[in-house]
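Residue-level structure breakdown
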Number of protein chains: 4
Amino acid sequence: MLTGGMKGESSVEATMVERGVNVPQSYRLVRRDARPDRTVVRLRTGASFGGDELAICAGPCGVESHEQLHRAAEGVAQAGANVLRGGAYKPRTSPYSFQGLGEEALKMLREAADAFGLGVVTEVLDPRDVEKVASYADMLQIGTRSMQNFPLLREAGDSDMPVLLKRGLSATVQEWLLAAEYIVLRGNDNVVLCERGVRSFDVATRNLLDIAVVPLLEELTHLPVIVDPSHAMGIARLVPPVAIASVAAGAHGLLIEVHPDPPNALSDGAQSLDCAQFDRLMRRLMPVAEFAGRRLPQRADRTDGVVSARGYEA
Amino acid sequence: MLTGGMKGESSVEATMVERGVNVPQSYRLVRRDARPDRTVVRLRTGASFGGDELAICAGPCGVESHEQLHRAAEGVAQAGANVLRGGAYKPRTSPYSFQGLGEEALKMLREAADAFGLGVVTEVLDPRDVEKVASYADMLQIGTRSMQNFPLLREAGDSDMPVLLKRGLSATVQEWLLAAEYIVLRGNDNVVLCERGVRSFDVATRNLLDIAVVPLLEELTHLPVIVDPSHAMGIARLVPPVAIASVAAGAHGLLIEVHPDPPNALSDGAQSLDCAQFDRLMRRLMPVAEFAGRRLPQRADRTDGVVSARGYEA
Amino acid sequence: MLTGGMKGESSVEATMVERGVNVPQSYRLVRRDARPDRTVVRLRTGASFGGDELAICAGPCGVESHEQLHRAAEGVAQAGANVLRGGAYKPRTSPYSFQGLGEEALKMLREAADAFGLGVVTEVLDPRDVEKVASYADMLQIGTRSMQNFPLLREAGDSDMPVLLKRGLSATVQEWLLAAEYIVLRGNDNVVLCERGVRSFDVATRNLLDIAVVPLLEELTHLPVIVDPSHAMGIARLVPPVAIASVAAGAHGLLIEVHPDPPNALSDGAQSLDCAQFDRLMRRLMPVAEFAGRRLPQRADRTDGVVSARGYEA
Amino acid sequence: MLTGGMKGESSVEATMVERGVNVPQSYRLVRRDARPDRTVVRLRTGASFGGDELAICAGPCGVESHEQLHRAAEGVAQAGANVLRGGAYKPRTSPYSFQGLGEEALKMLREAADAFGLGVVTEVLDPRDVEKVASYADMLQIGTRSMQNFPLLREAGDSDMPVLLKRGLSATVQEWLLAAEYIVLRGNDNVVLCERGVRSFDVATRNLLDIAVVPLLEELTHLPVIVDPSHAMGIARLVPPVAIASVAAGAHGLLIEVHPDPPNALSDGAQSLDCAQFDRLMRRLMPVAEFAGRRLPQRADRTDGVVSARGYEA
């Protein structure tokens, strides 16, 4: 027999153990009982994650132009979002795909967000860019492909910026919490977890949304959790019902792709809502948020009159 | 090279095609546009799947005794369920696990359901048992491990009983719909689909609930879809939030394991609600059902006074 | 909080346990140390699984006609196979796909096998067909979709026929061994396990061949294990190198789809070798078998002269 | 209906497309027909990947001490390896696990490799470390968690060092090849692909080795592919048969964890061979390499007498 010559090893059966069992110490700082209260992460623009108010992050997949971003920011602000999302540095599977406009996009994000009273969350891919991104944004997004990019996690942990940590493509909940532990261990407590679907055998949707992690994480950690139904679904039409379900299950917020003109988006057009669709979704969300004991973001009255406080009539 | 001698075959790249591409014809009868209206499946006891009223199927994993079943039936009926679930023939991974009480359990199910005005749904494993199970039950359940048990699908299709077709452990949506097509093709239109989670790489929950199939199936088929959060989660505490999310996403009903004494259940105790927990869940569900444009089952006043109509006060 | 009202339940974390942990007793009869020697399964035609000689099962996916089968049987026999495979009852994802010729195909299999000195392995889908299939075949195949078809497993266990038990689409090794335990527990020890790839997120190949189970099962069980590279790959060109790797890893045999005219096969043409390709593979296999301490099937001299003993020159 | 208000969107079914379909352009530079000959990647120490000679990379998971590394290097060199592996910067799931000795480990690797005539392959995690790692090593390893770390891929592409690109935890073959394309597009052709198992639902082995990619990649790309059975298996006893199978399937080399004292390793002890086990594996590999049309690394006679040319007697 092929392996016959190897003596003295423990039997395979004895070592058939659960994956990750060799993680010597588990997460300590992010576990639920490490803190008497739950963490509430607050952006300087006022949005918060983890409290009574939902955080609604919306905007285009990628920042494409000043005009595109301005229209998106206006649309999502009017519908009631409080954080603008948009990619300046894009992690793209192919080197031939649109890679983002970089620092130019960061400037546009800041301007558009300021014009409509929004916070900015945007992805940082490179540990060398953390400082630069932090100088424009209100929250650093660490994307799916970077969940176990440990130098990036450490750099984000060394900054004082809120961090949105997306779940890896096939990360277990334990691995995800340990990635958050890397950030918190460096002294940065402001971490929000974002479920965005995991890889599955079925190609009917882009990813498989693991909605159970919403109540599961509430048991396991004091960190807030939000849901990104856009990347989970990959199909715009499925985004609203899944967003609603996520809030009903207890999510502290949503991250949704909204583009003023999805058919002409440079990336992720198929899964982007247009502004009117997003507005309808926000109206549908109001009673669900209330049911879950939360409320949609409160809009301060704005003196420039661009956005009026809305009543969220059903 | 190892394969070098084989000439004349098309390149691998050319044949790198999507799984299932060799399904020559897709589902015809179950597809959404095959029927002007959506299918509403009605049990003779009055419960319906696919209409304005939710179907709430609840009860123990396995039928263990007359007393256990009677208490479960009473509990779920009082809480507002309209269908009693319970296993008479149990598909168990191990031959040494409790395999169910067989026909004795079928009799108990019928009696307990009748005592409390409930329908009966129970699994049939063997095509030779279809007639027998149909003589006691109101709905045949075809379980996860049997989704592609084609002789069983054909036998169920030849009966005139409503069928609850659970999704296979790692079945694609297309495969699931084609399994339903097997039944409908034999002339039995009364098929309800049941999502119960798929197999995943993460062991944090028993299975991974694919909540997106609720709105996706609404696009693809005229058949109703319900959700089984108990088998999806494997942990009782996670069942209520996921049940709520499912109804918010548009599910036509729920299948929930309820046991009068979960710690002493012969199977699936860890994922079973007790009767009080189920009652609390039902109260929470009322506003969610309303939000989704549906209502919980209506209870007829019962003259025997065992169950009084409840007001579903929040 | 959604689940806040539920008191007294153990924490989720405490119950985050490995899947399958609720299997009360593990496999006893099929485990390695249940028997001093390894099981060798012998067909009445002389082929054996688990000894020094490999079992080479080859033939078409489905039996389509007398002529097709005769050509396939002749081709695989001349190349050195000792068991003829071919589907009489076909489990097909779609009800509109070719479902097999049934008993007519069983007769053809017997005739073709007898003409060339081969054994017959063919799938049985329905517990009601076990006796009939057993009356024609030398080995019952229980297919991937039936691995947890417990009535079928019991029926196969009650017969005295060798059984080829394919791994389920996403079955763990533990579940697979427990399925074998169902058969052996009924008194039928003649079980051979067949790895045929599991479901994966990647569509580059039809399934993902789990070659590690070959040495893993050698540790865990006394039952022999063979590999079906055809269903694992879904692409004929990849079958030979993977077949070779399987034998090098210690597999006790192979199950390979061979069709005299793959482009015109009614099923699985894309993954079928033609007879010349199969012959080249068998020649390649000879030194690999020798390396693994095994040999290709010995052919008895045949008096009818149809098949001459071959020298397996490299 | 929840989504009913959204008009004008294409049907879900029409957009049910294969994952990755939105990759606008596929890999161009790494595809098989982009180059008349296959790529052979040569280290300055003489080892090559992709030619007639196998590359055998072996050594400890992490560099722990000068003595540990020296013993490992001596052991693998005497057994016939030609590249020393060892982690200086360790990507660890938990921040509390051993993270590697950094530059100190790089120096030790260089010294130990030079003492025994070996090349050095070691992982680089941070784009800022590429230059430093390149100054000590002969080949940069980009690990599983970094396969889509695009800044790191670009930095590796800008260097002139050979790169070992491991497959992501659940990366498709297409995504893997596109990651390689990132490197080659920057002008660095010296890329070797390394299969190390993908994430699976079964916990019987640490990962699921996808052996089919060996022949598949030979069709799709001109780049060489090697296999890491240690991380695929997670269990030392399974490493040899799977290593043998990989070479039989056509792999251009192996990456194997070897530790002089596995029970006391700081990481991955359970999957590490000791030096004697590795030596036995190398002896087993000789006839398999020959069968596959390749040979084990040729050892130059060394004047310092530390390692004598070995005869690889079986």
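These numbers were taken from a predicted model, which means no experiment stands behind them.

**Section: the overall build of chain A**
The secondary structure content of chain A amounts to nine helices and 10 strands. For chain A, the exposed surface amounts to about 9,700 Å²; the carbon and sulfur share of it is 46%.

**Points about the interface of chain D and chain C**
The interface is formed by 35 residues belonging to chain D together with 35 residues belonging to chain C. Carbon and sulfur atoms supply 73% of the area buried between chain D and chain C, which totals about 2,900 Å² over both sides. Three residues, Phe201, Leu208 and Phe291 of chain D, lead the burial of chain D against chain C; their summed loss comes to 23% of the area buried on that side. Put simply, chain D and chain C have four salt bridges between them. Residue Asp202 of chain D is joined to Arg167 of chain C by a salt bridge in which the shortest nitrogen-to-oxygen separation is 3.3 Å. If you look at where chain D meets chain C, you find six residue pairs in polar contact (both at pLDDT 80 or more). Those elements giving two or more residues to the side of chain D that touches chain C turn out to be α6 (213-220), α8 (239-248) and α9 (275-291) of chain D. Ranked by residue count, the leading element in the side of chain D that touches chain C is α8 of chain D, at five residues. Across the side of chain D that touches chain C, the residue classes tally to 23 nonpolar, three polar and nine charged.

**What about the packing of α8 of chain D against α9 of chain D?**
Residue and element names in this part refer to chain D. Direction vectors running N to C along α8 and α9 enclose 20 degrees, while the axes themselves pass 9 Å from each other. One element, α8, and the other, α9, form an angle in the roughly parallel class. For the pair α8 and α9, the crossing hand works out as right-handed. Contact with α8, carried on its side by Pro240, Ala243, Ile244, Val247 and Ala248, involves Leu281, Arg284, Leu285, Val288, Ala289 and Phe291 of α9 and no other residues of that element.

**Some points on helix α9 (residues 275-291) of chain A**
The terminal C-alpha atoms of α9 of chain A lie 25 Å apart, and with 17 residues this matches the ideal 24 Å at 1.5 Å per residue to within 8%. Along its length, α9 of chain A shows its largest kink, about 35 degrees, at Leu285 of chain A, and proline Pro287 of chain A lies within four residues downstream of that point. Listed in full, the buried residues belonging to α9 of chain A are Gln277, Phe278, Asp279, Leu281, Met282, Leu285, Val288, Ala289 and Phe291 of chain A. On its buried face, α9 of chain A is in contact with β3 (55-59), α1 (66-79), α8 (239-248) and β10 (253-257) of chain A together with α8 (239-248) and α9 (275-291) of chain B. Between the side-chain oxygen at the start of α9 of chain A and the backbone nitrogen of Ala276 of chain A there is a gap of 3.2 Å, and the oxygen is on Asp274 of chain A. One or two residues past the end of α9 of chain A sits Gly293 of chain A, with phi positive at roughly 80 degrees.

**What about the packing of aromatic side chains?**
Throughout the structure, instances matching the rule amount to four aromatic pairs over all chains. When the ring centre of Tyr96 of chain D is taken as origin, the NZ or CZ atom of Arg28 of chain A, which lies over that ring, is 3.9 Å away.

**Regarding the packing of helix α1 (residues 66-79) of chain B against α9 of chain B**
All names here are of chain B. Relative orientation of the contacting elements α1 and α9 amounts to 20 degrees, with a least axis distance of 9 Å. Classified by the interaxial angle, the pair formed by α1 and α9 is roughly parallel. The interaxial crossing formed by α1 with α9 has right-handed handedness. Packed against α1, whose contacting residues are Arg71, Gly75, Val76, Gln78 and Ala79, the element α9 presents Cys275, Phe278, Asp279 and Met282 at the interface. Looking at the contact of α1 with α9 residue by residue, the classes come out as five nonpolar, two polar and two charged.

**Some words on the environment of Ala47 of chain A**
Residues and elements named next belong to chain A. Relative to the helices and strands, Ala47 resides in the loop between β1 (41-42) and β2 (48-49). The spatial distance from the C-alpha of Ala47 to the C-alpha of Cys57 is 9.5 Å, given a sequence separation of 10 residues. When residues no more than four places from it in sequence are discounted, the contact partners of Ala47 are Val41, Arg42, Asn82 and Val83.

**Focus: the relation of the copies chain D and chain C**
Expressed as a screw transformation, the operator carrying chain D onto chain C has a rotation angle of 180 degrees and an axial translation of 0.0 Å, and the superposed copies differ by an RMSD of 0.0 Å. The symmetry that links the two subunits is that of a two-fold axis. Minimal C-alpha separation from the rotation axis in chain D is found for Ala245 of chain D, amounting to 2.2 Å.

**Some points on the pairing of strand β10 (residues 253-257) of chain B**
Residue and element names in this part refer to chain B. Among the five residues of β10, five are classified as buried, and the element is accordingly described as predominantly covered. Alternating positions in β10 separate into two faces, Gly253, Leu255 and Glu257 on one and Leu254 and Ile256 on the other, with burial throughout. Where strand β3 (residues 55-59) and β10 come together, five bridges link them in parallel fashion. Opposite Ala55, over in β10, you have Gly253 as the bridge partner.

**Topic: the pattern of salt bridges**
In the structure shown here, the tally under the stated rule is 80 salt bridges over all chains. Note that Glu195 of chain A is salt-bridged to Arg167 of chain A, the shortest N-O span being 3.0 Å. One end of the pair, Glu195 of chain A, is in strand β8 (residues 191-195); the other, Arg167 of chain A, is in the loop between β7 (163-166) and α5 (173-185), and 28 residues separate them in sequence. For the residue pair Glu195 of chain A and Arg167 of chain A, the accessibility class agrees, reading buried in each case. Of the charged contacts in the structure, one is a salt bridge between Glu219 of chain D and Arg237 of chain C, with a shortest N-O distance of 2.3 Å. A residue pair is termed interchain when its members come from two chains, as with Glu219 of chain D in helix α6 and Arg237 of chain C in the loop between α7 (229-233) and α8 (239-248). On the basis of relative accessibility, which here comes to 21%, the residue Glu219 of chain D falls in the partly exposed class. You can call Arg237 of chain C buried: its relative accessible area is 17%. Ionic contacts of the salt-bridge type, sharing partners, join the residues Arg44, Arg110, Asp114 and Asp138 of chain A into one network.

**Some words on unusual backbone geometry**
The backbone of Asp268 of chain A shows a phi angle near 60 degrees, a positive value even though the residue is not glycine. Examined against the element boundaries, Asp268 of chain A turns out to sit in the loop between β10 and α9.

**Focus: the side chain of Arg110 of chain D**
All names here are of chain D. Mapped onto the elements of the fold, Arg110 is located in helix α2 (residues 103-115). Reaching out from Arg110, the side chain makes a polar contact with the backbone oxygen of Tyr136 at a distance of 2.7 Å. Each residue touching Arg110, except ones within four places of it in the same chain, is listed here: Arg44, Thr45, Leu118, Val120, Tyr136, Ala137 and Asp138.

**Quick look at the pairing of strand β8 (residues 191-195) of chain D**
All names here are of chain D. Among the five residues that make up β8, five are buried, leaving the element largely enclosed by the rest of the structure. Neither face of β8 is exposed, since Val191, Leu193 and Glu195 on one face and Val192 and Cys194 on the opposite face are all buried. With four bridges joining them, strand β7 (residues 163-166) and β8 adopt parallel strand pairing. If you follow Leu164 over to β8, its bridge partner there is Val192. In this structure, β8 lies alongside strand β9 (residues 225-227), joined through three bridges in parallel fashion. Residue pairing for β9: Leu193 is matched across the bridge by Val225. For the segment spanning β8, α6 and β9, crossover handedness is right-handed.

**As for the environment of Met147 of chain C**
All names here are of chain C. Examined against the element boundaries, Met147 turns out to sit in the loop between β6 (139-142) and α4 (150-158). Once the C-alpha coordinates of Met147 and Leu165 are considered, the two residues, 18 residues apart in sequence, prove to be 6.9 Å apart. Residues within four places of Met147 in sequence aside, it is in contact with Ile142, Leu153, Leu165, Lys166, Arg167, Gly168, Ala171, Glu175, Trp176 and Ala179.

**Some thoughts on the state of the cysteines**
Residue and element names in this part refer to chain A. Under the definition given, this model contains zero disulfides over all chains. Take Cys194: it sits in no disulfide, and the sulfur closest to it among the cysteines is that of Cys57, at 8.0 Å. Judged by its relative accessible area of 0%, Cys194 falls in the buried class.

**Observations regarding the side chain of Asn207 of chain A**
Residues and elements named next belong to chain A. Position of Asn207 among the secondary structure elements: in the loop between β8 and α6 (213-220). Within polar-contact distance, the side chain of Asn207 engages the backbone oxygen of His231 at 2.9 Å. Setting aside chain neighbours within four positions, we find Asn207 in contact with Leu169, Arg196, Gly197, Val198, Arg199, His231 and Ala232.

Calculation rules
Residues numbered from 1 in each chain as written. Chains lettered and ligands numbered in written order. Predicted model: local features only at pLDDT ≥ 70, side-chain atom pairs only at ≥ 80, totals over all residues. Heavy atoms only, no water. Helix = DSSP H or I, 4+ residues; strand = E, 2+ residues; numbered from the N terminus. Areas by Shrake-Rupley, 256 points an atom, 1.4 Å probe, with all protein chains shown as cover. Contact = heavy atoms within 4.5 Å. Buried area = accessible area lost by both parts, 1.4 Å probe. Salt bridge = Lys/Arg side-chain N within 4 Å of Asp/Glu carboxyl O. Polar contact = N/O pair within 3.5 Å; in protein donor to acceptor, adjacent residues only side chain to side chain. Nonpolar A, V, L, I, M, F, W, Y, C, P; charged D, E, K, R; others polar. Axes fitted to C-alpha atoms, helices over the stretch in contact; angles between N-to-C directions. Parallel < 35°, antiparallel > 145°, perpendicular 65-115°, else oblique. Left-handed = near helix turned anticlockwise from the far one by under 90°. Expected span 1.5 Å × (residues − 1). Bend = angle between axes of the 7 residues up to and from the residue. Buried < 20%, exposed > 50% of the residue type's maximum accessible area, 1.4 Å probe, protein only. Phe/Tyr/Trp six-rings, centres within 6.5 Å; stacked < 30°, edge-to-face > 60°. Lys NZ or Arg CZ within 6 Å of the ring centre and 35° of its normal. Least-squares fit on C-alpha atoms with pLDDT ≥ 70 in both. Pairing = 2+ DSSP bridges. Right-handed = clockwise from strand over helix to strand, strands pointing away. Disulfide = S-S within 2.5 Å.

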